[in-house]
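# Understanding the architecture of this molecule
These are the residues of each chain, in order.
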Amino acid sequence: MSSRQRQRSRSRRRGAAALLVALVAGLATGPAATATAPAPATRGVVLTEPGVVLLRTTVAVTIRLTVADRHRLSGLSSLRRGYRFPYASGSGFVASPDGTVVTASHVIEPPRDDVRNRAANQLFFGELRRAGHPLAGRSPYGRYHLRASRSVPAQAARVLDALLQDCYQAVACSFASRTSVAAYPAARIADGRAPRGQAVRVLRSTGYGSTDVAVLRIAGTNLPTVALGTSADGLASGDAVTALGFAGSAQRPPTGVTAPTVSRPVASPPGCPRRRR
């Protein structure tokens, strides 16, 4: 083979090698990626989540039980106790950068009977549990009866049960309660450390029996907000909607809270039960 032929052969081999490298590189990188716009629901969650807040409601209640006592000059004897317990957790959203928060009334307003029932149960079944049976596994907000047991004769059980029922009705007992609400903005939850709640001031509440809307105020400036809709005319029964909030959850270590939960309920007419997909 002449020198000219050898040079041509080397040129062809170099060209084939370059073509092979280009083909391999094309297979490795694939076609150019094209950006796609996020779905409306996804975009809504991303824009809304920073303005969602976790709310926790705590109740402090004082109960005074008054009974007849013939050994006292007044003829009465009383027992006074104070209790503090977490009542509810729920969601709200920041409606203005200066800290106006909108939530549901039932999150921040415990019904009066719930507070009374829990205080009476804690007194009778907690401190005086030998007079009956503890409420293991049962709601602390219900109303119950004291039954006779090995340590409590039937006659004594009947007297104590009548006293408990009168306590539920605020006849034998008087109550004084105070509710406090703490807010946990999304920025504090996302910090990764156990957040400290902000004190909340209740500006107005329509009550659970009405429209169930409450307006609160937390301290802050330039807070991320959730835009309020201008109309619901385009929403019909059966339409898919996106709900974002702390669905009674928020009890996850190490920070004690978790991110807001996204769910996909279905719109239903007023007064109808909510359905979930």
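Residues numbered from 1 in each chain as written. Predicted model: local features only at pLDDT ≥ 70, side-chain atom pairs only at ≥ 80, totals over all residues. Heavy atoms only, no water.

### Focus: the overall build of the protein chain
Condition: Numbering of helices and strands starts at the N terminus; helices are DSSP runs of H or I of at least 4 residues and strands are runs of E of at least 2. Classification of residues uses two cut-offs on accessible area relative to the type maximum, computed with a 1.4 Å probe and protein chains only: under 20% is buried, over 50% is exposed, and between them is partly exposed. The contact definition used throughout considers only heavy atoms, calling two residues in contact when any of these lie within 4.5 Å. Each accessible area is a Shrake-Rupley estimate made with a 1.4 Å probe; only the visible protein chains count as cover when residues are assessed.
In terms of regular secondary structure, the protein chain is built from 6 helices and 11 strands. Sorting the 277 residues of the protein chain into buried and exposed places 31% on the buried side. Taking the contacts inside the protein chain whose residues are at least 6 apart along the sequence as the reference set, 61% of them involve residues at least 24 apart. Here the protein chain displays about 18100 Å² of accessible surface, and carbon together with sulfur accounts for 54% of that area.

### Some thoughts on the nonpolar core
When a protein is soluble and globular, its nonpolar side chains tend to lie buried together. Just so we agree on the cut-off: For the purposes of this section, nonpolar cores are sets of buried Ala, Val, Leu, Ile, Met, Phe, Trp, Tyr and Cys residues that join through side-chain atoms within 4.5 Å.
Counting 22 residues, the largest nonpolar core has Val61, Ile63, Leu65, Phe124, Phe125 and Leu164 as the members making the most contacts within it. Of all the secondary-structure elements, those providing two or more residues to this core are β1 (52-68), β2 (76-94), α4 (112-127) and α5 (154-168). Among the elements that take part in this core, α4 stands out by supplying 6 residues, more than any other. When neighbours within four sequence positions are excluded, Val61 is seen to be in contact with Arg81, Gly82, Tyr83, Phe85, Val115, Ala119, Phe175, Ala176 and Ser177. By size, the runner-up hydrophobic cluster in this structure holds 13 residues, among which are Leu55, Val101, Ile108 and Val181.

### Some remarks on the state of the cysteines
Threshold: Working definition: a disulfide is two cysteine sulfur atoms within 2.5 Å of each other.
Taken as a whole and judged by the stated rule, the model has 1 disulfide. Covalent S-S linkage joins Cys167 and Cys173, the inter-sulfur distance amounting to 1.9 Å. Judged by the sign of its S-S torsion, about -105 degrees, the bond between Cys167 and Cys173 is left-handed. The same class applies to Cys167 and to Cys173, which are both buried.

### Observations concerning the packing of α4 against α5
What counts, and what does not: Here the axes come from fitting lines to C-alpha atoms, over the contacting stretch only for helices, and the angles between their N-to-C directions go from 0 to 180 degrees. Note on angle classes: values under 35 degrees are labelled roughly parallel, values over 145 roughly antiparallel, values of 65 to 115 roughly perpendicular, and the remainder oblique. Note on convention: near helix rotated counterclockwise from far helix by under a right angle means a left-handed crossing. Clockwise means right-handed. Side-chain classes follow a simple rule in which Ala, Val, Leu, Ile, Met, Phe, Trp, Tyr, Cys and Pro form the nonpolar group, Asp, Glu, Lys and Arg form the charged group, and the remainder, Gly included, forms the polar group.
Axis separation between α4 and α5 bottoms out at 9 Å; the angle between their running directions is 155 degrees. It follows that α4 is roughly antiparallel to α5 by the angle criterion. In the packing of α4 onto α5, the handedness of the crossing is right-handed. Along its contact with α4, which presents Arg116, Asn117, Ala120, Asn121, Phe124 and Phe125, the element α5 presents Leu160, Leu163, Leu164, Cys167 and Tyr168. Residues belonging to the contact of α4 with α5 are distributed by class as follows: 8 nonpolar, 2 polar and 1 charged.

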